[in-house]
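Spelled out, the chains give:
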Amino acid sequence: MHRLRTCAARLRPLTASQAAAQTAGQPRTNMAAAATTGGTRTFQPIRCYTAPVASEPFLNGTSSNYVEEMYFAWMEDPKSVHKSWDVFFRNANAGAPPGVAYQSPLGLTAAAGAALHQGSPMVGAQPNVEKLVEDHLAVQSLIRAYQIRGHHVAQLDPLGIMDADLDSHVPTDIITSSDKLDLAVFKDKRGFLTVEVGGFYGLNESDLDKVFRLPTTTFIGGSETALPLKDIIQRLEMAYCQHIGVEFMFINDLEQCQWIRQKFETPGIMQFTPEEKRTLLARTVRSTRFEEFLQRKWSSEKRFGLEGCESLIPALKTLIDNSSAYGVENVILGMPHRGRLNVLANVIRKELEQIFCQFDSKMEAADEGSGDVKYHLGMYHRRINRVTDRNITLSLVANPSHLEAVDPVVQGKCKAEQFYCGDTEGNRVMSILMHGDAAFAGQGIVYETFVLSDLPSYTTQGTVHVVVNNQIGFTTDPRVARSSPYPTDVARVVNAPIFHVNADDAEAVMYVCKVAAEWRATFHKDVVVDLVCYRRMGHNEMDEPMFTQPLMYKQIKKQKGVLLKYAEKLIAEGVVTRQEYEEEIAKYDKICEEAYTRSKDEKILHIKHWLDSPWPGFFTLDGQPKSMTCPSTGLSEEDLNHIGQVASSVPVDDFTIHGGLSRILKGRGTFSHRHHVLHDQNVDKRICIPMNHMSPDQAPYTVCNSCLSEYGVLGFELGFAMASPNALVLWEAQFGDFHNTAQCIIDQFICPGQAKWVRQNGIVLLLPHGMEGMGPEHSSARPERFLQMCNDDPDVMPTMKEDFAVRQLFDCNWIVVNCSNPANFFHVLRRQIHAPFRKPLIVFTPKSLLRHPDARSSFDDMLPGTEFKRLIVEEGAAAGNPQGVKRVIFCTGKVYYELVKERKARGMEDTVAIARIEQLSPFPFDLVRSEFEKYANADLVWCQEEHKNQGYYDYVKPRIRTTIERAKPVWYAGRDPAAAPATGNKNTHLTELRRFLDTAFGLDAFKDQQ
Ligand SMILES: Cc1ncc(C[n+]2csc(CCOP(=O)(O)OP(=O)(O)O)c2C)c(N)n1
Ligand SMILES: [Mg+2]
């Protein structure tokens, strides 16, 4: 009923065409079409205007039918209704706001009555300041409406069939130049009366010529401070409703909003020199003809072509040129499959023959490893930027199929490059991330990456995001693929401006990219360029899109490509001649043909030519480690003492630390990671990292808290570690259990990264692990999963050579350890950097062992000459008399201490030997064998605290069997198989522990199984 009340105040007869349009359902018309046909805009049928409902007290409840009847009668003949209704409908028609339209018949003065008879509306008869103010406010609101919602009306879809925001309605508060400002009324489905636009502000046709003062929050005036309403509308349309849709009004910073308004509202701001236009055309030629060339030569090969979004190439080049002009020297790019080969060829400038030869299925691989498909490989290239004449390094980070997974990796690498060149402001190094529309909207890692964007330890000072928004994801229509209007809405969370642009308008694309580069250089914040385009072919070139998108593809078949459109425009403008255009095409086609001929000479594929992050000087020239030895990882006592002293001191003056922490630093408590950073108890955010006070020439030591993300943060750290072999990068999961929300980084990058992309990586994962009765989600870092992905062969006893231990490391895909004492942890971390190559290191780290009195090491175990122990042999009584030993228990990690305690309690020190496998993978075949051979009369048990289908058992058992040539069984003592990693019940936990310790020390426990 409120709808009736508020709308009835603005009644006006419908024109025939309006009435027809409204019954037909109100889609948003294409404005260009509306303008050319002279048609009026149509509107969403149901709109609720919130005017004061009590203003027209007689319009309530059941009176609506009566009012309608009166209204329609009045339309036919104003004299057929009572004077009071006549006054009301006339005033409403004239734009009187709710509450003013109605006047009591008793209040009708003679003058007013006379005025009515002359047909002058009341509001017109009383020109007053109030109306002036109201109209100005209305115009101000209108300007603001364009700034906020103009993008909903912009013509973004090159196909003209879908709305980029998935909503065909025009916002009620936007008046366009094709609108009739006269008010209109119609009945909606529920019988309510509602009105058309214009009425929203109480403006009408006669106001169009009135001049309004412009607020300071608009730049549409250029040098003028006031404009007629019709010019205001037209300029707002030019700024916000053509081929660019700007979404920015959610940014809560006035300066930034003003900056954007100025870039898009200033009349005539989008101007290009003929030179710029010709460059743009040449770039579009390259982009387009590259795909056409591939299609001609390899029509049945997958390449995930760029057809329909050829503007991506000039877009990226514009971003890079402009960023280079602002001082950027190094750009790290991440992108999915779509148009990747084109980006490699035309943006990064990979030699074309290197790209073409990859289509030859008979190419032999020169490098070890499994390699990857051509549209996943990375690339690094340093060259001169032709436009700015400055050096620029471009690297495209290799990525897996898993969409968006590379985003945080790119950010990490970018951060590292900034770090190594001291670029704290991000003036010299930047990242560009490309996205598909479906993936950008759907993948959570996109959000996780955005969340990192402004955090002190993770910011890269602004990323430019470019979305290839072809309005489809494989076969999925966006209307069932996302809940947000645009695929880019996720970026709003960090206040990034979003520039939607119709990718068939080459100059509009170039313009938004210029602005995006300038935005990043000015504010050092993220920005999104949304290239609204289409996909001319199927998802890949083999796919038939008509099966699933028949209507869209009917339109696509008719669609002229961007190159042709732009060439025709420039020819018409006289910027190029048809002949010049054709010569440009012929020139590039020739380049492709010649490269194609050369590509046939390429017989061997070198994946290392596709490295995204070279490590100059780290390897020999042919990419091999400089040695196959690893020096001792010990340190002198003096150094150890010094480090210990500084690390447990407060090396700055006037710094108050927590009393409890003083106790810990004096060695009377457990030191843990949180104690690396000291927080002043009196000054907010004042911190001190003692490890940075070791010596003047030390390497910087960074400890960072991160946002609560595993996928994003681990990806970031991996990217950081990728940039250089000389940093030790460690990522710790709060509990090992949580690493699996970063599973994609582990499965797609860390485990197989070197095999796929030849790039090594020395990242360290610290995963707290141990069964301590803390329930199913705080107990297991899932060793079984990491071990299952190790590439060493369980059934082959390796040949033992002198350098076996290092060579084994060199051959593995990652190292998995569980250190049972601090010295071994110390050594394994130092080995990461002392080794002549890099491998990821997975460490199951202790929890209760941090406080365990026996889990200690003396300096002796860390002095020069000492090193990481892959296996710690039995050193107690049993070792003194091996013949008397009845059982050898192999184990790893914390359970060792439970076993030792139990053995002591049972008085079995002479009969049971316990050996700790500290490096699970690569497996220490040699050391296990010698430990086994030492105890000739012993049976052999693998003991673990984890469940049988978890932990290490499935990994170690076949390897121990291979080592001992299956001479004896490998018995199992541990928890039974289970679905969950641990019980949540403390008693059950202890009962399970007791049970498997009984098995481990019951010398008859396996009798029945023999
Ligand atoms: C995480 C993930 N899930 C699913 C897929 C399978 N897949 C490959 S391409 C694609 C569609 C991607 O659509 P969009 O992001 O819009 O990119 P477009 O191919 O349209 O350029 C899908 C679902 C994938 N590669 N990665
Ligand atoms: Mg898509």
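Above this text sits the structure in question.
The structure contained in this document is the topic of the report that follows. Just so you know, these numbers come straight off a predicted model, no measurement behind them.

1. Structural notes on the site of ligand 1
Inference 1: As a structural note, the neighbourhood of ligand 1 is formed by 15 residues, with His 337, Arg 338, Ser 401, Asp 437 and Ala 438 the closest of them.
Inference 2: One of the side-chain nitrogen or oxygen atoms of Asn 470 is found 2.9 Å away from an oxygen atom of ligand 1.
Inference 3: Here an oxygen atom of ligand 1 and a backbone polar atom of Ile 472 are 2.9 Å apart.
Inference 4: Protein contact buries 75% of the 580 Å² of open area that ligand 1 shows by itself.
Inference 5: Counted by class, the shell around ligand 1 contains 5 nonpolar, 8 polar and 2 charged residues.

2. Some words on the coordination of the magnesium ion (ligand 2)
Inference 1: In this structure, Asp 437 (OD), Asn 470 (OD1) and Ile 472 (O) serve as the protein donors to the magnesium ion (ligand 2), at separations of 2.0 Å.
Inference 2: Within one chain, the residues serving as donors to the magnesium ion (ligand 2) are arranged as D-x32-N-x1-I. In this pair, Asp 437 sits in helix α16 (residues 437–442) while Ile 472 sits in the loop between β11 (463–469) and β12 (498–502), placing the two residues 35 residues apart along the sequence.

3. Things to note about helix α28 (residues 804–811)
Inference 1: Residues of α28 that are buried: Phe 804, Val 806, Gln 808, Leu 809 and Phe 810.
Inference 2: In this fold, the buried residues of α28 make contact with β19 (815–817), α29 (822–834), β24 (919–921) and α32 (925–934).

4. Remarks on helix α10 (residues 254–265)
Inference 1: For α10, with 12 residues, the first-to-last C-alpha span of 16 Å sits near the 16 Å given by 1.5 Å per residue.
Inference 2: A large share of α10 lies buried, amounting to 9 of its 12 residues.
Inference 3: Contacts made by the buried residues of α10 are with α8 (129–149), α9 (229–240), β5 (244–247), β12 and α18 (506–523).
Inference 4: Of the residues that open α10, the one with a side-chain oxygen 3.0 Å from the backbone nitrogen of Glu 255 is Asp 253.

5. Some details on the sheet that holds strand β20 (residues 841–845)
Inference 1: Reading across the sheet, the 5 strands line up as β17-β18-β20-β19-β24 and stay open at both edges, with mixed pairing between neighbours. Strand pairing shows two members of the sheet lacking a second neighbour, β17 (730–732) and β24, which therefore form its edges. Strand-to-strand twist across the sheet, computed as the mean angle between neighbouring axes with direction ignored, equals 25°.
Inference 2: One ladder, built from 5 bridges, connects strand β18 (residues 764–768) with β20; its direction is parallel. Residue pairing across strands places Pro 768 opposite Thr 845, the latter belonging to β20.

6. A look at the packing of aromatic side chains
Inference 1: In total, this model carries 33 aromatic pairs according to the counting rule given.
Inference 2: Pairing Phe 304 with Tyr 375 gives two aromatic rings, centres 4.9 Å apart and planes at 80°, and the pair type is edge-to-face. Here the residue Phe 304 occupies a position in the loop between α11 (274–297) and α12 (312–325), and Tyr 375 occupies one in the loop between β7 (364–365) and β8 (379–385), the gap between them amounting to 71 residues.
Inference 3: For the ring pair Phe 923 and Tyr 955, a centre distance of 6.3 Å and an interplane angle of 70° mean the geometry is edge-to-face. With a gap of 32 residues between them, Phe 923 in the loop between β24 and α32 and Tyr 955 in helix α33 (residues 953–963) connect regions that are remote in the sequence.
Inference 4: Assessed through its relative accessible area of 0%, Phe 923 is described here as buried.
Inference 5: Its relative accessible area of 6% is what places Tyr 955 among the buried residues.
Inference 6: Cluster of aromatic residues (ring-pair linked, three or more members): Phe 290, Phe 293, Trp 298, Phe 356, Phe 359 and Tyr 596.
Inference 7: Between Lys 350 and the ring centre of Trp 610, over which it is positioned, the NZ or CZ distance is 4.2 Å.

Rules behind the numbers
- The written sequence of each chain sets the order in which its residues are numbered from 1.
- Going through the entries in the order they are written, you letter the chains from A and number the ligands from 1.
- Where local features are concerned, this predicted model is filtered to residues with pLDDT of at least 70; where side-chain atom pairs are given and counted, the filter is 80 or more; whole-chain, interface and lining totals use all residues.
- Side-chain numbers here rest on the full set of heavy atoms in the structure, without hydrogens or water.
- Residues are counted as near a molecule or strand when any one of their heavy atoms sits within 4 Å of it.
- Pairs of N or O atoms within 3.5 Å make up the polar contacts considered here, provided that, within protein, one atom can donate a hydrogen while the other can accept it, and that residues adjacent in sequence are counted only when both atoms are side-chain atoms.
- Note on areas: Shrake-Rupley, 1.4 Å probe, and residue coverage restricted to the protein chains presented here.
- Note on residue categories: nonpolar means Ala, Val, Leu, Ile, Met, Phe, Trp, Tyr, Cys or Pro, charged means Asp, Glu, Lys or Arg, and polar means any other residue, Gly included.
- A donor here means an N, O or S atom no more than 2.8 Å from the metal, or no more than 3.2 Å when the metal is Na, K or Ca. Since water is not included, a site may seem to lack partners.
- Numbering goes from the N terminus for both helices and strands, where a helix is a DSSP run of H or I of at least four residues and a strand is a run of E of at least two.
- We call a residue buried when its accessible area falls under 20% of the maximum for its residue type, exposed when it is over 50%, and partly exposed in between, using a 1.4 Å probe and counting protein chains only.
- Residues are treated as being in contact if the distance between any of their heavy atoms lies within 4.5 Å.
- A helix is expected to span 1.5 Å for every residue after the first.
- DSSP bridges decide pairing: two strands pair if at least two such bridges lie between them.
- Each axis is a line fitted through C-alpha atoms, and for a helix only the stretch in contact is used; angles between axes span 0 to 180 degrees, taken between their N-to-C directions.
- Stacked, tilted and edge-to-face are the three classes assigned to paired rings of Phe, Tyr and Trp, where Trp is represented by its six-membered ring and a pair needs centres within 6.5 Å; plane angles under 30 degrees give stacked, over 60 edge-to-face, the rest tilted.
- Counting as a charge over the ring demands two things of the Lys NZ or Arg CZ atom: a distance within 6 Å of the ring centre and an angle within 35 degrees of the ring normal.

Everything listed here is a matter of coordinates, which is why it stays silent on function.
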